[in-house]
Each structure stands twice: as C-alpha cells, then as structure tokens.
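Structural description and commentary
Each chain is listed here by its residues.
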Amino acid sequence: MIEVVGVRFKHAGKIYYFSPGDLKLAAYDKVIVETARGVEFGELVIPARLVADEEVILPLKQVMRQATTADELFVEQNKLKEKEAFQVCLKKISEHQLPMKLVDVEYTFDGNKIIFSFTAEGRVDFRELVKDLAAIFRTRIELRQIGVRDEAKMLGGVGSCGRILCCTSFLGDFEPVSIRMAKDQKLSLNPTKISGICGRLMCCLKYENGCYKSDDKERCCRNNSQVGEKMAETSDEANLQGDSAVSARPDGRVQRNRKGEKPKGKSERV
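Described below are features of the structure shown in this document. (Residues numbered from 1 in each chain as written. Predicted model: local features only at pLDDT ≥ 70, side-chain atom pairs only at ≥ 80, totals over all residues. Heavy atoms only, no water.)

Things to note about the overall build of the chain
Secondary structure summary: the chain contains nine helices and eight strands in total. Within the chain, the proportion of its 270 residues that are buried is 28%. (Helix = DSSP H or I, 4+ residues; strand = E, 2+ residues; numbered from the N terminus. Buried < 20%, exposed > 50% of the residue type's maximum accessible area, 1.4 Å probe, protein only.)

Laid out in structure tokens, this is it:
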C-alpha cells in the first residue's frame with residue numbers, strides 16, 4: 001500500500017496521485033507539484049489515504065509545497081496573460097489562413113510553456129504559426145489538437161435537459177458510450193435526441209446502463225409499468241376538468257366540433 005493524495009488542476013478535471021511526503025495537507029488545500037508539463041498549481045481534492053500499488057503509476061512524484069497567497073496571485077496574472085495570448089493567436093491563425101478553431105490557451109504555472117488547444121477537421125501544418133508565437137512570447141509553445149468532446153468540456157454549455165454539461169460540472173474522464181446503451185434502455189434512436197451539443201452520444205446514456213444489464217433490471221424505469229402511472233391518472237383528470245370547463249361556454253362550440261357540425265354563418269363565430 002502507498003500513501004497518496006489526489007490533486008486536480010482544473011474544475012471537473014482528471015485527478016492525479018502524488019505523494020504527500022512529510023506535508024500535512026487537507027482537502028481543498030492549494031499545492032504546487034511537478035508534472036510532465038512542468039511545475040503546476042493545483043487543488044488537493046482527495047486527502048491522504050492508502051491505495052494499492054497497482055493503482056499508482058510509479059515512480060510517484062511528491063508534492064513540492066503548499067501554495068501561498070503570492071502563488072494564487074501569480075495564477076490570476078497568468079489568466080490575464082492567457083486572454084491576451086488568445087487574441088494574438090487568433091490574429092496569427094487568420095494571417096496564415098489555417099483551417100483551425102482556437103479553443104483555449106493555458107500558461108503553465110512557471111510560465112515556461114504556453115499550450116494552445118484547437119480543433120480541426122484534419123491535420124494542420126502549423127509549423128510557421130509555432131515559429132511566430134515563439135518569437136512573440138519568447139517561451140516554449142505547444143499546439144494541441146483536441147476532439148469535439150474536449151471542446152465542449154472546455155467551453156461549457158447547457159444540455160437538452162436544461163442543466164450544465166456533465167463534462168463541465170463533474171465528469172473527470174470521458175467513458176465510451178455506444179448506441180447499444182440507448183437500445184437497452186428503450187430510448188429513441190433519433191440522433192438529435194440522444195446526442196449532446198458536441199455531436200456525440202450523450203455521456204448520461206451510461207449512467208443507468210448498468211441497471212439494465214443487472215439481474216434486477218425489472219426495477220429499471222423503462223421496464224417498470226408502475227412508473228408514470230400516477231402522472232397519467234393526474235393528466236386524465238386534468239383533461240376531464242378542462243373539457244367540462246370549456247363545454248360550459250354558452251356558444252357550445254366544443255359539442256358542435258365533436259359532432260362534426262360546421263358553423264352556419266359568421267354570426268356564430270367568435
């Protein structure tokens with residue numbers, strides 16, 4: 001067993017394990033760690049605990065130190081620089097007439113690298129763009145092509161359910177979703193109804209999929225005939241009350257329509 005802490009670098013981002021060393025850390029502490037991208041600023045979301053050796057990728061890096069107020073101010077300054085870098089990159093993309101869409105810009109905590117994330121339909125030759133950006137910012141430049149799911153996660157939005165996108169609010173990783181899941185749950189196979197704003201199958205199709213594969217699948221909503229029964233009764237009662245209220249109108253148009261009678265003249269029309 002190995003003692004680890006979980007650190008997240010972005011809201012609803014992936015959680016990475018680090019060794020706490022001799023530091024006494026609590027949940028939601030801000031920490032400075034060393035990653036493959038360099039020194040990074042993150043938030044501790046999982047306090048120290050023991051995990052099995054196979055759950056950790058060795059060698060496990062150690063948390064460098066707890067972040068200070070100055071570190072947090074430095075992060076805010078980097079966010080302002082990211083907005084400026086975004087506009088500069090947009091201008092350079094337009095000058096080189098590259099078929100790409102810039103999505104996000106990120107400074108590493110130490111400022112040794114700027115990461116530009118973009119989407120494109122195919123491969124893009126951005127070598128000249130990298131040269132121009134490196135000459136402007138005088139630091140390492142990385143251009144990363146991402147997929148439509150990652151784009152939706154970065155930009156955010158509201159799903160067809162009326163809630164903030166799952167990938168933006170709490171999903172750390174994208175899990176594979178198949179059309180078979182929609183079939184098992186007896187959902188409509190219309191792509192417009194089961195696809196998210198990214199154009200891919202909605203991640204929430206996987207949430208209840210395990211229920212439909214279990215031995216107790218009769219309790220699932222789609223297989224339970226009692227689900228929605230009360231709502232149907234209430235709806236029928238409302239319809240009856242509505243008809244009685246309408247039929248009480250003095251002109252009696254509802255009854256004539258049911259009998260198929262047509263108005264005899266303009267005087268009966270309202």
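Let us keep going from here.
Focus on the packing of helix H1 (residues 69-96) against helix H2 (residues 127-137)
With their axes 10 Å apart at the nearest point, H1 and H2 run at an angle of 145° to one another. Both H1 and H2 take part in a crossing whose hand is right-handed. Contacts between H1 and H2 pair Ala85, Val88, Cys89, Lys92, Ile93 and His96 from the former with Glu128, Leu129, Asp132, Leu133, Ile136 and Phe137 from the latter. In terms of residue class, the contact of H1 with H2 is built from eight nonpolar, one polar and three charged. (Axes fitted to C-alpha atoms, helices over the stretch in contact; angles between N-to-C directions. Left-handed = near helix turned anticlockwise from the far one by under 90°. Contact = heavy atoms within 4.5 Å. Nonpolar A, V, L, I, M, F, W, Y, C, P; charged D, E, K, R; others polar.)

Here we look at H1
The end-to-end C-alpha distance of H1, which contains 28 residues, comes to 41 Å, matching closely the 40 Å that a straight helix rising 1.5 Å per residue would cover. Residues of H1 that are buried: Asp71, Val75, Asn78, Glu82, Ala85, Cys89, Lys92 and Ile93. Against the buried residues of H1 lie strand E3 (30-35), strand E4 (38-51), strand E5 (63-66), strand E6 (101-107), strand E7 (113-119) and H2. With its phi angle positive at about 55°, Gln97 sits one or two positions after the end of H1. (Expected span 1.5 Å × (residues − 1).)

Here's the deal with the environment of Ile15
Checked against the element boundaries, Ile15 lands in strand E2 (residues 15-18). Given a relative accessible area of 32%, Ile15 falls into the partly exposed group. The spacing of Ile15 and Ile46 is 31 residues in sequence and 8.6 Å in space, taken between C-alpha atoms. What Ile15 contacts, discounting residues up to four positions off in sequence, is Gly6, Val7, Arg8, Val45 and Ile46.

Side note on the sheet that holds E4
If you walk across this open sheet you meet the five strands as E2-E1-E4-E3-E5, and the pairing is antiparallel. The strands lining the two open edges of the sheet, one partner per strand, are E2 and E5. If you compare each strand with its neighbour and ignore which way they point, the axes differ by 45° on average. Sheet topology note: the strand E1 (residues 2-8)/E2 ladder contains four bridges and is antiparallel. Looking at E2, one finds that Gly6 is bridged to Tyr17. In the packing of H1 onto the sheet, the strands contacted are E3, E4 and E5, and the crossing angle to E4 comes to about 125°. (Pairing = 2+ DSSP bridges.)

Some points on the packing of aromatic side chains
All chains considered together, the criterion is met by seven aromatic pairs. Between Phe118 and Phe126 the ring centres are 5.8 Å apart and the planes differ by 80°, which places this aromatic pair in the edge-to-face class. Judged by its relative accessible area of 23%, Phe126 falls in the partly exposed class. Note on Phe170 and Tyr207: the rings are 6.4 Å apart at their centroids and 40° apart in plane angle, and the pair reads as tilted. Of this pair, Phe170 sits in the loop between helix H4 (166-169) and helix H5 (179-184) while Tyr207 sits in the loop between helix H6 (191-194) and helix H7 (209-213); the two residues are 37 residues apart in sequence, bridging distant segments of the chain. Overall, the relative accessible area of 47% leaves Phe170 in the partly exposed class. (Phe/Tyr/Trp six-rings, centres within 6.5 Å; stacked < 30°, edge-to-face > 60°.)

Focus: the nonpolar core
Among the nonpolar cores identified, the biggest contains 16 residues, and Ile93, Met100, Phe116, Leu129, Leu133 and Leu143 are the most heavily contacted of them. Not counting residues within four places of it along the chain, the set of residues in contact with Phe116 comprises Ala85, Cys89, Leu102, Asp104, Val105, Leu133, Phe137, Ile141, Glu142, Leu143 and Arg144. Membership of the second largest hydrophobic core comes to eight residues, among which are Val5, Val7, Leu25 and Leu44. (Core = buried A, V, L, I, M, F, W, Y, C linked by side-chain atoms within 4.5 Å.)

Observations regarding the side chain of Asp71
For Asp71, the position within the fold is in helix H1. For Asp71, a relative accessible area of 9% puts it in the buried group. Among all residues touching Asp71, those that are not within four sequence positions of it are Ile32, Phe41, Arg65 and Phe109.

Here we look at unusual backbone geometry
Note on backbone geometry: most residues besides glycine have negative phi, and most peptide bonds are trans. Cis geometry is adopted by the peptide bond preceding Pro59, which originates at Leu58 and carries an omega value of 0°. The residue Ala12 is not glycine, and still its phi comes out positive at about 60°. With respect to the helices, strands and loops of the structure, Ala12 is situated in the loop between E1 and E2. Positive phi values are uncommon outside glycine, yet Lys186 reaches one of about 60°. Of note, Lys186 is situated in the loop between H5 and H6.

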